[in-house]
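Topology and contacts: notes
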Amino acid sequence: MSILAIDTATQVSSVAVASADKLAAELTMQAKLTHSETLMPHIKEVLRMANVRKEQLEGIAVSIGPGSFTGLRIGLAAAKAMAYALDLPIVGVSTLKALAYHYPVPGLRIVSLLDAQKGNAYRESYEWEKGTLTVVNPVEVLPLAEILAECAESGRETVVLGDIAARRIRGKVDLPANVTVAPAHLVMPRAACVAMLGLQELAAGARHAHGHVLQIGRSHRITSRGSSPCGQTAGRRRGRRR
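The present account deals with the structure reproduced in this document. (Residues numbered from 1 in each chain as written. Predicted model: local features only at pLDDT ≥ 70, side-chain atom pairs only at ≥ 80, totals over all residues. Heavy atoms only, no water.)

Some words on empty space enclosed by the protein
Going by this rule: The way it works is a 1 Å grid over only the protein atoms, where trapped points that fit a 1.4 Å probe form a cavity and open points with protein on both sides within 12 Å along at least five of seven lines form a pocket, and then any residue with an atom within 4 Å of a point lines it. Grid points are joined across faces, edges and corners, and a volume is the space filled by probe spheres set on the points. Put simply, DSSP marks the helices as runs of H or I at least four residues long and the strands as runs of E at least two long, and each gets a number from the N terminus on. Under the grouping applied here, Gly and all other residues not named as nonpolar or charged are polar, the nonpolar ones being Ala, Val, Leu, Ile, Met, Phe, Trp, Tyr, Cys and Pro and the charged ones Asp, Glu, Lys and Arg.
Taken as a whole and judged by the stated rule, the model has one cavity of 30 Å³ or more. Roughly 30 Å³ of internal volume is contained in the largest cavity. Lining the largest cavity are Q11, S13, M29, Q30, A31, L33, H35 and T38. Taken together, the elements giving at least two residues each to the lining of the largest cavity come down to β3 (22–30) and α1 (35–50). For the lining of the largest cavity, the residue count by class is three nonpolar, five polar and no charged.

Below is the structure:
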């Protein structure tokens with residue numbers, strides 16, 4: 001099964017063509033161009049690079065946030081238009097989970113961060129358990145200082161990644177001894193990770209018909225401590241693991 005994957009949740013424009021056993025092609029770019037300028041040319045180019053015609057695709061995976069609303073809207077619109085035109089199944093993939101998928105390292109705490117403005121970040125933490133990427137701390141909107149304190153308190157070897165880690169943490173704050181920032185080639189989202197997670201979802205039978213309207217952030221229960229919830233579902237989370 002060859003699928004197209006799209007990630008436009010941040011400043012990075014990333015598209016990939018992949019199957020379960022290989023990444024056929026990926027095009028990832030971070031530049032001062034808008035997603036509306038780059039996405040469709042990138043899709044055309046990555047299909048050419050993979051030597052796959054669009055009619056040969058068997059599904060589409062698309063990042064659904066959290067992230068830039070404009071970027072996500074452009075990516076979702078392109079994915080749904082192609083799914084409709086080609087009569088393909090489409091699956092949405094959490095941007096935070098796709099970020100964490102960069103690091104298949106057992107025993108490592110992986111903290112995915114995306115900018116939530118005003119010094120805050122969407123934070124979701126993961127660990128690999130028996131080959132499965134497992135949520136440790138579900139997504140919340142938290143101040144950066146609180147996130148780093150939480151990482152220090154866990155005592156686990158931790159890597160933080162995402163747009164705000166690259167812009168606001170690396171080289172700008174003193175990190176706890178157990179915390180590192182992902183290197184430049186791993187710190188931002190990549191469509192390859194969206195593709196691999198999307199392939200798992202499709203293989204498990206999780207898919208939306210092309211007419212189904214995927215919603216930005218649909219897969220997330222996002223809360224902000226001490227204030228009203230952010231996102232689609234209300235309610236504060238309890239029982240946070242360290």
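Concerning the pairing of strand β1 (residues 3–7)
Put simply, the test is: For the exposure calls, accessible area comes from a 1.4 Å probe over protein chains only, and a residue counts as buried if that area is under 20% of its type's maximum, exposed if over 50%, partly exposed in between. Any two strands with at least two DSSP-identified bridges between them are counted as paired.
For β1, a buried count of five out of five residues is recorded, marking the element as mostly surrounded by other parts of the structure. The alternating pattern of β1 places I3, A5 and D7 on one face and L4 and I6 on the opposite face, and all of these are buried. Across five bridges, β1 lies against strand β2 (residues 12–19) in antiparallel orientation. Among the inter-strand pairings, A5 is bridged to a residue of β2, identified as A16. Between the end of β1 and the start of β2, which pair antiparallel, lie four residues. Here β1 pairs with strand β4 (residues 59–63) via four bridges, running parallel. Across the sheet, residue A5 finds its bridge partner in β4, namely A61.

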